[in-house]
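Structural features, examined
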Number of protein chains: 2
Amino acid sequence: MPEQPQASQRGRRPGDPAETRDNILDAARGLFAEAGFDKASIRRIAARAQVDPALIHHHFGTKQQLFIAAMRAPVNPVDIVKGIIDGPPSELGHRIAEAFVGVWDSPAGTGLAHTLRAVLAQDGMTIAIREFVNHQLVPVLITALDGDEQERRFRANLALSQLLGLAVTRYLVRIEPIADVPATEVVRHIAPTLQHYLTGPLDAD
Amino acid sequence: MPEQPQASQRGRRPGDPAETRDNILDAARGLFAEAGFDKASIRRIAARAQVDPALIHHHFGTKQQLFIAAMRAPVNPVDIVKGIIDGPPSELGHRIAEAFVGVWDSPAGTGLAHTLRAVLAQDGMTIAIREFVNHQLVPVLITALDGDEQERRFRANLALSQLLGLAVTRYLVRIEPIADVPATEVVRHIAPTLQHYLTGPLDAD
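Conventions used here
- Residues numbered from 1 in each chain as written.
- Chains lettered and ligands numbered in written order.
- Predicted model: local features only at pLDDT ≥ 70, side-chain atom pairs only at ≥ 80, totals over all residues.
- Heavy atoms only, no water.
- UniProt positions renumbered as here; feature names shortened; annotations may be inferred.
- Helix = DSSP H or I, 4+ residues; strand = E, 2+ residues; numbered from the N terminus.
- Contact = heavy atoms within 4.5 Å.
- Buried area = accessible area lost by both parts, 1.4 Å probe.
- Polar contact = N/O pair within 3.5 Å; in protein donor to acceptor, adjacent residues only side chain to side chain.
- Buried < 20%, exposed > 50% of the residue type's maximum accessible area, 1.4 Å probe, protein only.
- Lys, Arg positive; Asp, Glu negative; His and termini not counted.
- Salt bridge = Lys/Arg side-chain N within 4 Å of Asp/Glu carboxyl O.
- Least-squares fit on C-alpha atoms with pLDDT ≥ 70 in both.

The name recorded for chain A in an unreviewed UniProt entry is TetR family transcriptional regulator, from Lolliginicoccus lacisalsi.

Have a look at this one:
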């Protein structure tokens, strides 16, 4: 096997920074799909891409950030959650709804739709996505919640189910009228649901 | 072009009923993707499959039923909604949640997951799915609701967003704990949300 097959195939000079980035992202996608998020280490991805691990950290930062880049996501949902986690717990649902609809309604929404389509389509990426949600995203979200960990995780899952369903109906399938109503209108209806799931009485119907 | 290329390619005898069904379903998927649900008539699908329209009706029934078969869906969501629409309006959310979780938790759930994955993955099928939801599914659901049509459609969209998000989190990505909790537990938490969206005060937060 030639030492740098991708470089010659694409007609770029070996060492080209864009080429290196592409090699790393290809290797990352391959290993995330095969091993999941948790077991795909920067070291193993570096070995597969035939680069130094330090170069991956230099280009992408943490493994979490590399995963976001590999999924071609224009924003990191963990950063968004970190940005709205502080503040009155009684307005957490509203802050999440506003941030979610805000970023999906922004120019980043097109890229997010492509990413969501791609990750839902590939059964092979399910484990990596699940581990990313369970071990990267949910732990940040539940720092704002009360109760034992299992209950807080379940609350976060319920909120996530409403958010992902909103993404599918408003942004992926674009069902009317929910795809056409103003952002404020969507936030107004989704926020109380999120608030109930996150902090409401889970035993009462 | 040979008269029955698919038949010879697959090594089946022309006129084989399974072959005819496959031809019709291929033609249906192609036309639904190109023209959407509304404009893809049985007549046009029959012309593309080089069969008599009556044969399509004989094999599949209505265009709605043909669409369900073409999407490889093991159940028709319109039939499920029809089955739970009657009864006390104050328990509509519970009936929908129970029927939805019931069918997804049943052996049909695997097929539903494949179908949902496939339709979400293909940007080309978006228009057909949207028209199916807007013009086949939602009109049945909103017969149980009060208000003007736009409001009833918006209510149905909100409920659908919660249901699809549940499908994505519990059945497609299988995030824990929501993927592992008993059906009754999921129904208990989702039903009040659906009920609120369908019949609750939409103006109050």
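So, about the UniProt feature "DNA-binding region" (unreviewed entry) in chain A. In the UniProt entry, the feature "DNA-binding region" (unreviewed entry) is given for residues 41-60 of chain A. Annotated as 80% helix and 0% strand, the span residues 41-60 of chain A places its first and last C-alpha atoms 13 Å apart.

As a further point, take the interface of chain A and chain B. Counting residues at the interface gives 41 residues for chain A and 41 residues for chain B. When chain A packs against chain B, close to 3900 Å² is buried across both sides, 60% of that on carbon and sulfur atoms. One can count 20 residue pairs in polar contact (both at pLDDT 80 or more) joining chain A with chain B. Listed by contribution, the elements that provide at least two residues to the side of chain A that touches chain B are α8 (108-121), α9 (126-141), α10 (149-172) and α11 (183-199) of chain A.

A few words on the UniProt feature "domain: HTH tetR-type" (unreviewed entry) in chain A. In this numbering, the UniProt entry assigns the feature "domain: HTH tetR-type" (unreviewed entry) to residues 18-78 of chain A. Between the end C-alpha atoms of residues 18-78 of chain A the distance is 26 Å, and the span holds 79% helix and 0% strand.

Turning our eyes to something else, we now look at the side chain of K63 of chain B. Residue and element names in this part refer to chain B. Within the fold, K63 resides in helix α5 (residues 63-70). D38 provides the closest opposite charge to the buried, unpaired K63, separated from it by 5.5 Å. A polar atom in the side chain of K63 sits 3.1 Å from the backbone oxygen of A40. Leaving out residues up to four positions away in the same chain, K63 has contacts with F32, F37, D38, A40, S41 and I42.

Superposing chain A onto chain B requires a rotation of 180° together with a translation of 0.0 Å along the rotation axis, leaving an RMSD of 0.0 Å. Here the transformation between the copies is reduced to the relation of a two-fold axis. Nearest to the rotation axis, the C-alpha of G165 of chain A is located 1.7 Å from it, this being the minimum over chain A. A symmetric contact is evident, with 100% of the interface residues of chain A recurring at the interface of chain B.

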